[in-house]
Amino acid sequence: MSLYLISFEKGAMDHIPAEDFPDVGKAAHAVIREAKDAGVYVFGGGLSYDDGDVEWGVVATDGVVTDGPYPESKELIGGLTIVDVPTRAAALEWAAKIAVACRCAQDVRKFMDDPER
């Protein structure tokens, strides 16, 4: 089995009207329940960028902490799911289900193999 990160960028769901978000949430939770029932779900969630609710920082190798990355950046992850599946094809199938539920494209990346996992 291999771990895959399925994610979408911050702002990828901005095209969805506010009144549709309850339906999107229900669809997304249904896919996650399906992944849990299939035994492939490892972890997931959306990241908060609301004013007053954001805690971020960068820790350098010398331990110095600085603010950032900033929520205005387009490279930030908006949400993620980690699945443990046997093949890339299986990861892509889960990403497709998540894409439909969340109404946005998903990025799929394989974690490097770790012999101690």
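Okay, so let's go over this structure. (Residues numbered from 1 in each chain as written. Predicted model: local features only at pLDDT ≥ 70, side-chain atom pairs only at ≥ 80, totals over all residues. Heavy atoms only, no water.)

What the protein chain contains, in helices and strands, is 2 helices and 6 strands. Here the protein chain holds 117 residues, and 29% of them are scored as buried. Taking all contacts inside the protein chain whose residues are at least 6 apart in sequence as the whole, residues at least 24 apart take part in 80%. Here the protein chain has roughly 8,000 Å² of accessible surface; of this, 54% comes from carbon and sulfur atoms. (Helix = DSSP H or I, 4+ residues; strand = E, 2+ residues; numbered from the N terminus. Buried < 20%, exposed > 50% of the residue type's maximum accessible area, 1.4 Å probe, protein only. Contact = heavy atoms within 4.5 Å. Areas by Shrake-Rupley, 256 points an atom, 1.4 Å probe, with all protein chains shown as cover.)

Let us look at unusual backbone geometry. A positive phi angle, near 60°, is found at Arg-103, a position not held by glycine. Within the secondary structure, Arg-103 sits in the loop between helix 2 (88–102) and strand 6 (107–110).

The end-to-end C-alpha distance of helix 1 (residues 21–38) is 26 Å, a good match for the 26 Å that 18 residues give at a rise of 1.5 Å each. The set of residues buried in helix 1 consists of Val-24, Val-31, Ile-32 and Ala-35. Each buried residue of helix 1 lies within a common arc of 95° when the element is viewed along its axis, so the set occupies one face. Along helix 1, exposed side chains directed more than 90 degrees from the buried face belong to Lys-26, His-29, Lys-36 and Asp-37. Where the residues of helix 1 are buried, they touch strand 2 (41–46), strand 5 (77–85) and helix 2. Looking one or two residues beyond helix 1, the residue adopting positive phi is Gly-39, at roughly 80°. (Expected span 1.5 Å × (residues − 1). Arc of directions from axis to C-beta.)

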